[in-house]
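Close look at the chain arrangement
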Amino acid sequence: MTALHVIGGIAGAGGLYGDAVADTRQRLIDGAIETIRTHGLTGTTARSIAATAGVNQALVFYHFGTVHDLLQAACLAATRARVELFAERLEHVTDLRQLLALGRALHDEERAEGNVMVLAQLLAGAQADPVLAEATAASLRLWISPIEGALTRLLAGSPVSELVDTPGLARAVSAGFIGLELYEGVDPDGAKAALDSLDRLAVLVEVVDDLGPVAVRALRAKLRKTAKNRR
């Protein structure tokens with residue numbers, strides 16, 4: 001056997017080992033999310049995660065150190081996967097009503113997949129757990145970033161853009177949808193009414209954008225004056 005064969009064999013074995021490690025980590029991440037979904041945060045332990053993932057409990061600590069670290073990784077990984085799909089769909093949005101329609105669709109998808117339950121559990125746990133709060137906040141920022149980009153693009157040139165704090169609006173929209181996802185569980189009709197009101201606001205912005213040049217100049221002056229008086 002030549003040295004090249006030996007090296008090739010070692011490299012091949014290393015690749016298989018790397019694949020196995022990645023597979024186990026992913027199974028633990030998926031297992032952690034599914035365990036939160038089915039048992040809640042209080043029922044999410046190394047034992048229950050390992051059982052859901054179908055692996056030995058010791059692998060939780062081998063790959064992640066602590067259950068907290070696993071939950072942090074799972075929270076970010078699951079959110080990143082969802083945001084990537086959402087961001088692709090955002091690229092095709094051309095107005096605020098389409099943006100809200102996409103938000104509604106995402107809202108329905110997240111509830112159907114049980115992700116609202118996961119989010120509710122993480123938000124509740126984060127209130128008294130700084131580590132979990134940091135992970136949850138980082139996950140929320142993953143959602144906020146593409147929303148802020150879309151709002152910046154959609155409001156560019158609109159008279160209302162001079163009054164709107166786009167980064168703040170992106171956070172308000174994200175927080176609003178999170179609240180609606182949780183609110184819908186106790187008052188579906190109220191949540192629907194809130195979403196309908198957002199649609200009407202989007203229509204109002206479109207009406208403003210369609211005003212003639214004289215009306216737009218007058219509106220801009222009024223908005224600037226209002227903004228100045230608020231300072």
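Treat the numbers as computed from the prediction; the structure is a model and nothing was measured.

Right, let's talk about the overall build of the protein for a bit. Counting its secondary structure elements, the protein contains 10 helices and 0 strands. Element order for the protein, N to C, with α for helix and β for strand: α-α-α-α-α-α-α-α-α-α. When burial is assessed residue by residue, the protein has 36% of its 231 residues classed as buried. Contacts in the protein between residues far apart in sequence, at least 24 positions, make up 67% of those at least 6 positions apart. Looking at the protein as shown, the accessible area adds up to about 13,200 Å², and 61% of this sits on carbon and sulfur atoms.

What follows is about the nonpolar core. If you look at the biggest cluster of nonpolar residues, it comprises 21 residues, and the most contacted ones within it are Leu 28 and Leu 70. Elements with a contribution of two residues or more to this core: helix H1 (3-39), helix H2 (46-53), helix H3 (58-64), helix H4 (67-90) and helix H6 (115-126). Not counting chain neighbours up to four residues away, the residues in contact with Leu 28 comprise Ile 49, Ala 53, Val 55, Leu 59, Val 60, His 63, Phe 64 and Leu 70.

Here the focus is helix H8 (residues 166-183). Look at H8: 25 Å from first C-alpha to last across 18 residues, which is about the 26 Å you get at 1.5 Å a residue. For H8, every residue scored as buried is listed here: Thr 166, Ala 170, Ser 174, Phe 177, Ile 178, Leu 180 and Glu 181. Each buried residue of H8 lies within a common arc of 165° when the element is viewed along its axis, so the set occupies one face.

Before going further, it helps to examine the environment of Thr 79. Looking at where Thr 79 falls in the secondary structure, it is placed in helix H4. For the pair Thr 79 and Thr 136, spaced 57 residues apart in sequence, the C-alpha separation works out to 9.6 Å. Setting aside its immediate chain neighbours within four residues, Thr 79 contacts Ser 139, Leu 142 and Trp 143. Within the structure, the side chain of Thr 79 is placed 2.7 Å from the backbone oxygen of Cys 75, a separation counted as a polar contact.

Enumeration over the complete set of coordinates arrives at 8 salt bridges. With a closest N to O distance of 2.6 Å, Asp 196 and Arg 104 form a salt bridge. On the criterion of sequence distance, the pair formed by Asp 196 in helix H9 (residues 188-209) and Arg 104 in helix H5 (residues 96-112) is long-range, its members being 92 residues apart. Given the relative accessible area of 22%, Arg 104 is considered partly exposed. For Arg 171, the salt bridge is made with Glu 148, and the minimal N-O distance between the two is 3.6 Å. Here Glu 148 lies in helix H7 (residues 130-155) and Arg 171 lies in helix H8, a separation of 23 residues in the sequence.

Glancing now at the environment of Leu 142. Looking at the element boundaries, Leu 142 is found in helix H7. Classification of Leu 142 by relative accessible area gives partly exposed; the value is 25%. Along the backbone, Leu 142 and Arg 80 are 62 residues apart, and their C-alpha atoms lie at a distance of 6.8 Å. Ignoring sequence-local partners within four residues, the contact set of Leu 142 consists of Leu 76, Thr 79, Arg 80 and Val 83.

By the element assignment, His 107 lies in helix H5. Not counting chain neighbours up to four residues away, the residues in contact with His 107 comprise Leu 180, Glu 181 and Glu 184.

Let us now look at the packing of H4 against H7. Put simply, H4 and H7 touch, their axes get as near as 8 Å, and they point 10° apart. The angle between the axes of H4 and H7 places the two elements in the roughly parallel class. Only Val 131, Glu 134, Ala 135, Thr 136, Ala 138, Ser 139, Leu 142, Trp 143, Pro 146, Ile 147, Ala 150 and Arg 153 of H7 make contact with H4, whose side of the interface consists of His 68, Gln 72, Cys 75, Leu 76, Thr 79, Arg 80, Arg 82, Val 83, Phe 86, Ala 87 and Leu 90. Per-class residue counts for the contact of H4 with H7 are 14 nonpolar, 5 polar and 4 charged.

Relative to the 16 Å expected for 12 residues at 1.5 Å per residue, H6 spans 16 Å between its end C-alpha atoms, a close match to the ideal helical length. Taken as a whole, H6 has its buried residues at Asn 115, Val 116, Val 118, Leu 119, Leu 122, Leu 123, Gly 125 and Ala 126.

All chains considered together, the criterion is met by 1 aromatic pair. Look at Phe 86 and Trp 143: their rings are 5.4 Å apart centre to centre, the planes differ by 65°, and that puts the pair in the edge-to-face class. In this pair, Phe 86 is assigned in helix H4 and Trp 143 in helix H7, connecting sequence segments 57 residues apart. The exposure class assigned to Phe 86 is buried, which follows from its relative accessible area of 4%.

What counts and how
Residues numbered from 1 in each chain as written. Predicted model: local features only at pLDDT ≥ 70, side-chain atom pairs only at ≥ 80, totals over all residues. Heavy atoms only, no water. Helix = DSSP H or I, 4+ residues; strand = E, 2+ residues; numbered from the N terminus. Buried < 20%, exposed > 50% of the residue type's maximum accessible area, 1.4 Å probe, protein only. Contact = heavy atoms within 4.5 Å. Areas by Shrake-Rupley, 256 points an atom, 1.4 Å probe, with all protein chains shown as cover. Core = buried A, V, L, I, M, F, W, Y, C linked by side-chain atoms within 4.5 Å. Expected span 1.5 Å × (residues − 1). Arc of directions from axis to C-beta. Polar contact = N/O pair within 3.5 Å; in protein donor to acceptor, adjacent residues only side chain to side chain. Salt bridge = Lys/Arg side-chain N within 4 Å of Asp/Glu carboxyl O. Axes fitted to C-alpha atoms, helices over the stretch in contact; angles between N-to-C directions. Parallel < 35°, antiparallel > 145°, perpendicular 65-115°, else oblique. Nonpolar A, V, L, I, M, F, W, Y, C, P; charged D, E, K, R; others polar. Phe/Tyr/Trp six-rings, centres within 6.5 Å; stacked < 30°, edge-to-face > 60°.

Distances and angles like these do not, on their own, reveal function.
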